[in-house]
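Coordinate analysis (summary)
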Amino acid sequence: MTVSFQLYSARNFQPWADVLKLVAGLGYKNVEGFGGVYEDPKAFRALMDQNGLAMPSGHFSMDMLENDFSTAVAIASELGVETIICPFLMPDARPTDRAGWVAFAHRLAAVGEKCKDAGFRFAWHNHDFEFKTLADGQVPQEIILENAPNIGWEMDVAWVVRGGADPFAWIERFGPRIWVVHVKDIAPEGDCQDEDGWADVGEGVMKWDELLAGLKSHGQTQLFVMEHDKPSDVQRFARRSLLNFQQL
């Protein structure tokens, strides 16, 4: 089991040199990249090396993966990324029916083949919109996984819950596809309003002990990434989340 820290959680707590020193000092050995740290990959890799950090996974936009793949490969190679992950679709780019999502899944499958040929694994990362039921009763996440059978899934479990779905049912059904998990928590109703209702891992309502047991039973997840979309104190979030996760 490998623990990582999603650097998006610290985007508002610059500079990156201080962020990497902080997370390494707390005991993290790995970080997950996103677009905000790719401006100078060589310099960022030097900062990682100084702090004894690796980057086994990283988020890359669909636009870059489809239209500037060589740049994505160069960045991933410099930073040591093994699993390339597409994390999001802007609202105006999201399909509205099954046919549209099938077509999008085929686009993901094509990116997955390019990644495979270049020596990387490729996965899709969910939010909540993939679990909104379409007119025919299916949900986009199901369509994606069924029509892009060779890509993995970085399951953001808290977003599954916010999407109104049962994460345990999805883990049971697609466990072997869940290569990476975003470990985050949801605050009790009415709490942490300044943090968009998110909580530090282990301090909210998510049943992480049962979720981890389900992932272990049904899947092959090896990488667990601590994340908070809007922490008011990144040191508090990083420290408490790692401690609580280790105790699980």
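Scroll up to find the structure.
Below is a short write-up of the structure. Per chain, residue numbering runs from 1 following the sequence as it is written. Totals for whole chains, interfaces and linings use every residue, but because this is a predicted model, local features are given only for residues with pLDDT of at least 70 and side-chain atom pairs only at 80 or more, for both listing and counting. The basis for every side-chain value is the complete set of heavy atoms in the structure, and neither hydrogens nor water enter the calculation.

The subject of this paragraph is the overall build of the chain. Per the convention used, a helix needs a DSSP run of H or I reaching at least four residues, while a strand needs a run of E reaching at least two, with both numbered from the N terminus. Summing up its helical and strand segments, the chain has 10 helices and 10 strands in all. Based on C-alpha atoms, the radius of gyration is set beside the globule rule, defined as 2.2 Å times the residue count to the power 0.38. Its C-alpha atoms give the chain a radius of gyration of 17 Å, near enough to 18 Å, the size a compact globule of 248 residues would have. In terms of principal-axis extent, the alpha carbons of the chain reach across some 50 × 45 × 35 Å. Across the 248 residues in the chain, those meeting the buried criterion constitute 52%. Between two residues, a contact is recorded if the distance between any of their heavy atoms is within 4.5 Å. Contacts spanning at least 24 positions in sequence make up 74% of the contacts within the chain whose residues lie at least 6 apart. In the structure as shown, the chain presents an accessible area of about 10,900 Å², 49% of it carried by carbon and sulfur atoms. Only four residue types enter the tally: Lys and Arg on the positive side, Asp and Glu on the negative side; His and the chain ends are excluded. In plain terms, the charge of a residue is placed at NZ if it is Lys, CZ if Arg, CG if Asp and CD if Glu. The distance from the centre of the 22 positive side-chain charges to the centre of the 36 negative ones in the chain is 3 Å. Exposure is judged per residue with a 1.4 Å probe applied to protein chains only, and the accessible area is read against the type maximum: over 50% gives exposed, under 20% gives buried, and values in between give partly exposed. Throughout, the Shrake-Rupley method with a 1.4 Å probe supplies accessible areas, and for residues the shown protein chains are the sole cover considered.

A word on the side chain of Ser4. Note that Ser4 resides in strand 1 (residues 2-6). The term polar contact refers here to a pair of N or O atoms within 3.5 Å; inside protein, the definition further demands a hydrogen-donor-capable atom paired with an acceptor-capable atom, and it admits residues adjacent in sequence only when both atoms are side-chain atoms. A polar contact of 3.3 Å, which involves the side chain of Ser4, links it to the backbone oxygen of Asn30. A polar atom in the side chain of Ser4 sits 3.4 Å from the backbone nitrogen of Glu32.

With 4 of 5 residues buried, strand 1 is to be regarded as a mostly interior element. Strand pairing is assigned whenever DSSP identifies at least 2 bridges connecting the two strands. Of the pairings in the sheet, the one linking strand 1 to strand 10 (residues 223-226) comprises 4 bridges and is parallel in character. Across the sheet, the residue bridging to Thr2 is Leu223, located in strand 10. With 2 bridges joining them, strand 1 and strand 2 (residues 30-33) adopt parallel strand pairing. Bridge pairing links Gln6 to Glu32 in strand 2. You can see the chain leave strand 1, run along helix 1 (residues 16-26) and come back into strand 2, and the turn it takes is right-handed. For crossovers, right-handed means that the path from the first strand over the helix to the second runs clockwise, given strands pointing away from the viewer.

Another point: the sheet that holds strand 5 (residues 121-125). By way of backbone hydrogen bonds, the strands of a sheet pair with one another, either parallel or antiparallel. Spatial ordering of the closed barrel is given by 1-2-3-4-5-6-7-10, a layout of 8 strands whose pairing is parallel. For this sheet, the mean inter-axis angle between neighbouring strands, taken without regard to orientation, is 30°. With 4 bridges connecting them, strand 4 (residues 83-86) and strand 5 associate as parallel partners. Opposite Ile85, over in strand 5, you have Ala123 as the bridge partner. In this description, a line fitted to the C-alpha atoms serves as the axis of each element, helices being fitted only across the stretch in contact, and the angle between N-to-C directions of two axes falls anywhere from 0 to 180 degrees. In the packing of helix 10 (residues 234-247) onto the sheet, the strands contacted are strand 1, strand 7 (178-183) and strand 10, and the crossing angle to strand 1 comes to about 160°.

Quick look at the pattern of salt bridges now. Every case where a carboxyl oxygen of Asp or Glu lies within 4 Å of a side-chain nitrogen of Lys or Arg is listed as a salt bridge. One pass over the structure, following the stated rule, counts 13 salt bridges. Note that Glu227 and Lys184 form a salt bridge whose closest N and O atoms lie 3.0 Å from each other. Separated by 43 residues along the polypeptide, Glu227 in the loop between strand 10 and helix 10 and Lys184 in the loop between strand 7 and strand 8 (185-186) bring together distant segments of the chain. Per residue, the accessibility class of Glu227 equals that of Lys184, and both read buried. Note that Asp229 is salt-bridged to Lys184, the shortest N-O span being 2.8 Å. On the criterion of sequence distance, the pair formed by Asp229 in the loop between strand 10 and helix 10 and Lys184 in the loop between strand 7 and strand 8 is long-range, its members being 45 residues apart.

Turning our attention to the nonpolar core. Grouped together as the largest cluster of nonpolar side chains are 78 residues, with contacts concentrated most on Phe5, Leu7 and Trp170. Sorting elements by how many residues they give to this core places helix 5 (residues 98-118) first, with 7 residues. Apart from the residues lying within four places of it in its own chain, the contact partners of Phe5 are Ala10, Val23, Tyr28, Asn30, Val31, Glu32, Val225, Met226, Val234, Phe237 and Ala238. What is meant by a nonpolar core is a set of buried Ala, Val, Leu, Ile, Met, Phe, Trp, Tyr and Cys residues, joined one to another through side-chain atoms within 4.5 Å.

This brings us to helix 6 (residues 140-147). Of all 8 residues making up helix 6, 6 are buried, and the element is well covered by its neighbours. Taken together, the buried residues of helix 6 touch helix 5, strand 5, strand 6 (152-156) and helix 8 (167-174).

Our focus in this paragraph is the state of the cysteines. Pairs of cysteine sulfur atoms within 2.5 Å are identified as disulfides in what follows. Applying the stated rule across the entire model yields 0 disulfides. Not part of a disulfide, Cys86 finds its nearest cysteine sulfur in Cys115, a span of 9.6 Å. Among the residues examined, Cys86 registers a relative accessible area of 0% and is labelled buried. Cys115 sits in the buried class, given a relative accessible area of 0%.

Let us now look at the pairing of strand 10. Burial along strand 10 is two-sided: Leu223 and Val225 facing one way and Phe224 and Met226 facing the other are all buried. In the sheet, strand 7 pairs with strand 10 via 4 bridges, with the strands oriented parallel. Across the sheet, residue Val180 finds its bridge partner in strand 10, namely Leu223.

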